[in-house]
Every structure is written in structure tokens, then in C-alpha cells.
Amino acid sequence: MFDFNALNEITVKLKETLRKNVSQNPALPPTVYELWFSDMNVLRMTDAVIFISVNTDMQKLTIENKYRSLLTDAVKEQYGLDLKLGVYHTQNGPEKFKITKETLDSHERRLLLDGVEIDWDENNGGGSPTPGAAAASGSKGATDIASIINSIDGEIKEEETGKLFRFRYTFDNFVVGSSNRFAYKASVNVAQYPAVKYNPFFIYGPSGIGKTHLLCAICNEYNRRFKHMKVLYVNGVDFANELIDFITEGNRKKAQVFREKYQSCDMLLIDDIQFITGKVAVQEEIFHTFNTLYEAEKQIIFSSDRPPKDLNPLEDRIKSRFESGLIVDIQPPELELRIAILKRKAKDMQITVGNDVLFFLGENIASNIRQIEGTIKKLNAYAYLNNSPITLELAKSSIADILSGTEPINVTVEKILAAASQTFGVPQAELKGRKRTKEIALARNAAIYIIRSITDLSLPAIGKIFGRDHSTIFSAIGAVETEIKTNHGLASQIADITNAAKV
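Residues numbered from 1 in each chain as written. Predicted model: local features only at pLDDT ≥ 70, side-chain atom pairs only at ≥ 80, totals over all residues. Heavy atoms only, no water.

## Side note on the pairing of strand 5 (residues 231-235)
Summarising burial for strand 5: 5 of the 5 residues are buried, a large majority. Bridge count for strand 5 against strand 6 (residues 267-271) is 5 bridges, and the pairing is parallel. Bridging across to strand 6, V234 finds its partner in I270. (Buried < 20%, exposed > 50% of the residue type's maximum accessible area, 1.4 Å probe, protein only. Helix = DSSP H or I, 4+ residues; strand = E, 2+ residues; numbered from the N terminus. Pairing = 2+ DSSP bridges.)

In C-alpha cells form, the structure reads like this:
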């Protein structure tokens, strides 16, 4: 597909694409390319992952947290690949960079544990990137990388889809408090005694408070106890997209393979099940999969951002099945739990933070665990760049935008687009694109409506973001205003996106 050894050529092409895309995007500052990407180098590229180097830690943090999609979109535009991204801060240059066991840092481990296998040439110490197909079964690199992760995170077991669970999420590193204790204990019980008491098992709560952590912890504990059983973990969006692909192809044989995959496992976990609402064909498949697994006494687990009764539009027969087992909720963390989580995150990141700073952050960062983790990362970056310890004064100044609730409009817009993409299961690029399918149009209109509602941007300014004139933006806002009067599911989705954008 491309020459893996021609890293300089890949770097040049990606830079050209990045420069072009930044210049054509009115929502981005024109300095984005020069500040963050102009001196990057591609270190390695396979059919699963791309690693780049930049010259400063701030570049690394900014690309990872803010402009990751710019680069992955450029890769897709140039090579037609959806790759995971690893960013390194190195001043040695790509010719001196080696991917070895010693350079397997926490970021690369995270990519690997999320399902990416990377191979390298052990004979030359992992020097310059070698071709090798990461996805090929039985490859030398895949075996080597599995053994490395095995020594770090315990036993690795592949699921039926060939991906790896997030092994860093366990019951041992889940911080328990009054707001999540019941959900934690129920999850442990389900992992230890599957399909005995709580089947189905349904966890719900706002975004970013630990639902995915618990589901992955169940997977890991189940795998440890029942080594030969088949467990399948999937996100609601991925489940729906996989099914839709088969339906679109009209291939009955592939559709049967899809059904057999999901109906033959011993434990099925579907994260963010709310994404199946409004999708008739997907709900039909969920219904039959549920019945097959339940009758075979297999464990079924779901997570959602709301309880089953509030999942709309969703067929009553599916709601009744969701409600037939144990339903538990997770609430936003209380003060004591927030401080405990801050301590744990700081310890995991090997950051020294005083109690005065921890209490200050715990009192002021109250929304969700993801924001807590992001705050610790940002604080560490400020301390590193300023070459100073993490003091209370530094904490107050470095996270002032979070504490005040104010931030640049372009950041808010990006949050809205990201949240709309996740909520509706539509790629973020499509929100600004020209496609007008029903699902994409609804997601795009919802994003436009929210941007107009919570920012001061004018209709023409919003139009520039989406490449449309102000009259089209006006029509989109009117359409959503009319729809939410009767469509309570859409109203709930818009409320969720709005809340996420304000975090």
C-alpha cells in the first residue's frame, strides 16, 4: 500500500496535507500548522498505528489532547487508513529513534492495550521501522509485543474480534466511594459468578465517571477466572456500524457470521448501548442476540448514559429485557472520592502533588473523572514547562480556565463537534462534510443548534465552520427547535452534548 521505509516521503506528504487542511478550515487558527506540526517527523507507520516525533513536550501534549484528529484525518486522506496515533517528544530525530522494550513508554502501551499490535525487527534492536503486517496472525512482532505486555500487565488473552481488552482497567485500580460502591460490588459479583444472579446487568450514569472502567474490569476478572470462555466487549457505535455494513452489502453469509460471533460468546458486554436508539435494524439484532444468550444462560452486560426507561426511541420489548436484571447507577464523585482519585492519578503518572493542591483541585473540579485526570496532566505540563514544583499558586493559575468555566470559543466548538460525533455515532469529519443522509444531517443540525445556543457566534460565523451560508444555518436551527418539541430522545441527546461541551 505504501513504502514503509520511505518515512521522509510520508512525512512530507502528511505535512502538505496538514498545511492544506488547516488553511481551509475557518474554525482553526492559521498558526496551528506552524506551531504544532511543522517540525514533526514520522517515526513508524504500519497498517494499524503511526508514531510521530516532535521537539517539545508541549507539542506532544497539544497534539495528543487537541489536534489528534487533524493528523489521523490527514493519514486517512493520503493512505485510506484509520490509524491510532502515538506521539513522542524526542530531539534525536527519526534516524536515531529505536522502538525497543526500553522505549515502550506508557503512551505506546496504552495503544497496544487498546487493541493495536506492533512488530519490530528484534535482530537490529528495533532500529529503523520495518514493514511487517501488524494484523497478520502469527507474526514474530505480535508474539514479541504480547510477551512484553504480558510481563507488564499480566496475562493477555485475545477476544474473538482479535482485539485486546484494556488491561489497565481492573478492580484493583478502581477507586471506590459512596457514589459508585454499589456498582463496584455488583460488577465484582458479576465477574465472579456470571449468569448466576444478575443477568442482564445494566450500569448507567453520566459520561466520564467510570462505567467503561468497570466493564473492562469485569472482562479482565472473568478472563482470569475462566480462561477458556469466550468474552466479547464492544461499543454500541461499533456494533451498530458493523451490522449496518453487512446490511448495506446485502451479504447473507456475512450477516450470519456477524450473528454467530455475537450469539456464540459466553459473556457479551456492550458499552454505550444508548447509541442503538432510533436504529430499527440494530434493535432487532440486539433483541435476537439478547434472547439467544439469555436462554443459553450466558452473561449479558450493558452500559448507558441513562436508565433503560429513558432510552428513546427504543422498542418496549428491548426496554423490558434491559430492565429484567439488575440496574445500577454511578453518580458523579463526591469530594472525598475526587481527592482519592486525584491522589491515585498523580501516583500513576509519577507526579508529586501536595495535599493543599489536592484539596484545592478536589473542591473545584467536580464534574467527572476524565476532567480530573486531564487536570492532573495539564498541571504536570505547566510545572514541566515552567521548571517549577506543583504549588497551590501554580494550580490556581494553570487551570483558571477550567475553574472559571471560560475558554476560547473555538475550543467550545471543538468540544461540541466531538460530543455530537460520539453521541450520534457520526464521524466528526462528516459533520462538516457534504453528505446529507438522515443520520448525518440530524447530527450536523444538532451541533449547529448547540453552537448557536451556547456561544456568541453569528450565523455567518457558524456557516464558515460548516462550509454553508447563513440561511442554511438558520434553517438547521429552526428544524431542531421544531423537532425537540416532540422528540424527547433528541432533546436528551442535545442536553448531553451541551453538558459535555461545558465541562
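From this point on, the discussion continues.
## With respect to the sheet that holds strand 7 (residues 299-304)
The sheet built from 5 strands is open, its strands ordered 5-6-7-4-8 with parallel pairing. In the strand order of this sheet, the two ends are held by strand 5 and strand 8 (326-329), each with one partner. Averaged over all neighbouring strand pairs, the angle between strand axes comes to 15°, with direction disregarded. Across the face of the sheet, helix 8 (residues 211-225) comes into contact with strand 4 (201-204), strand 5, strand 6 and strand 7 while running at roughly 165° to strand 6. Against the sheet, helix 11 (residues 280-295) makes contact with strand 6 and strand 7, and its axis sits at roughly 140° relative to strand 7, the strand it touches most. (Axes fitted to C-alpha atoms, helices over the stretch in contact; angles between N-to-C directions. Contact = heavy atoms within 4.5 Å.)

## Digging into the side chain of K319
If you trace the backbone, K319 turns up in helix 12 (residues 316-322). Buried and without a salt bridge, K319 has D316 as its closest oppositely charged side chain, separated by 4.8 Å. A polar atom in the side chain of K319 sits 3.4 Å from the backbone oxygen of K309. Those residues within four positions of K319 in sequence are excluded, and the remaining contacts are P308, K309, L311, N312 and L314. (Lys, Arg positive; Asp, Glu negative; His and termini not counted. Salt bridge = Lys/Arg side-chain N within 4 Å of Asp/Glu carboxyl O. Polar contact = N/O pair within 3.5 Å; in protein donor to acceptor, adjacent residues only side chain to side chain.)

## Remarks on the packing of aromatic side chains
Under the criterion given, the structure shown has 11 aromatic pairs. Here the aromatic rings of F239 and Y262 are separated by 4.8 Å at their centres, their planes lie at 70°, and the arrangement is edge-to-face. Taken together, the residues F239 in helix 9 (residues 236-249) and Y262 in helix 10 (residues 252-263) connect sequence positions 23 residues apart. The burial state of F239 is the same as that of Y262; both residues are buried. (Phe/Tyr/Trp six-rings, centres within 6.5 Å; stacked < 30°, edge-to-face > 60°.)

## Things to note about the state of the cysteines
Each disulfide consists of a covalent bond between the sulfur atoms of two cysteine residues. Throughout the structure, instances matching the rule amount to 0 disulfides. Of the cysteine sulfurs around C219, a residue in no disulfide, the closest is that of C216, at 5.7 Å. (Disulfide = S-S within 2.5 Å.)

## Digging into the environment of S475
Note on placement: S475 falls in helix 22 (residues 470-483). Each C-alpha atom of the pair S475 and N445 lies 8.9 Å from the other, and the pair is 30 residues apart in sequence.

## Considerations on the layout of surface pockets
Considered as a void within the structure, the second largest pocket measures approximately 440 Å³ in volume. Counting residues per element, the ones that place at least two in the lining of the second largest pocket are helix 18 (409-424), helix 20 (438-454) and helix 23 (488-502). (1 Å grid on protein atoms, 1.4 Å probe; cavity = no way out; pocket = protein on both sides within 12 Å on 5 of 7 lines; lining within 4 Å. Points joined across faces, edges and corners; volume = space filled by probe spheres on them.)

## Looking at the sheet that holds strand 3 (residues 84-89)
One open sheet accounts for 3 strands, arranged 1-2-3; its pairing is mixed. Of all the strands in the sheet, the pair left with one neighbour each is strand 1 (41-45) and strand 3. Pairs of neighbouring strands in the sheet enclose a mean axial angle of 25°, with direction left out of account. Contacts from helix 4 (residues 68-79) reach strand 1, strand 2 (49-54) and strand 3, with the element oriented near 120° to strand 3.

## Some details on the environment of R468
Mapped onto the elements of the fold, R468 is located in the loop between helix 21 (459-466) and helix 22. Exposure remark for R468: the relative accessible area of 15% places this residue in the buried category. When the C-alpha positions of R468 and R434 are compared, they lie 9.6 Å apart, and in sequence the two are 34 residues distant. The residues touching R468, leaving out its near neighbours within four places in the chain, are K432, G433, R434, R444, G463 and I473. Among the polar contacts made by the side chain of R468, one reaches the main-chain carbonyl oxygen of F466 at a distance of 2.6 Å.

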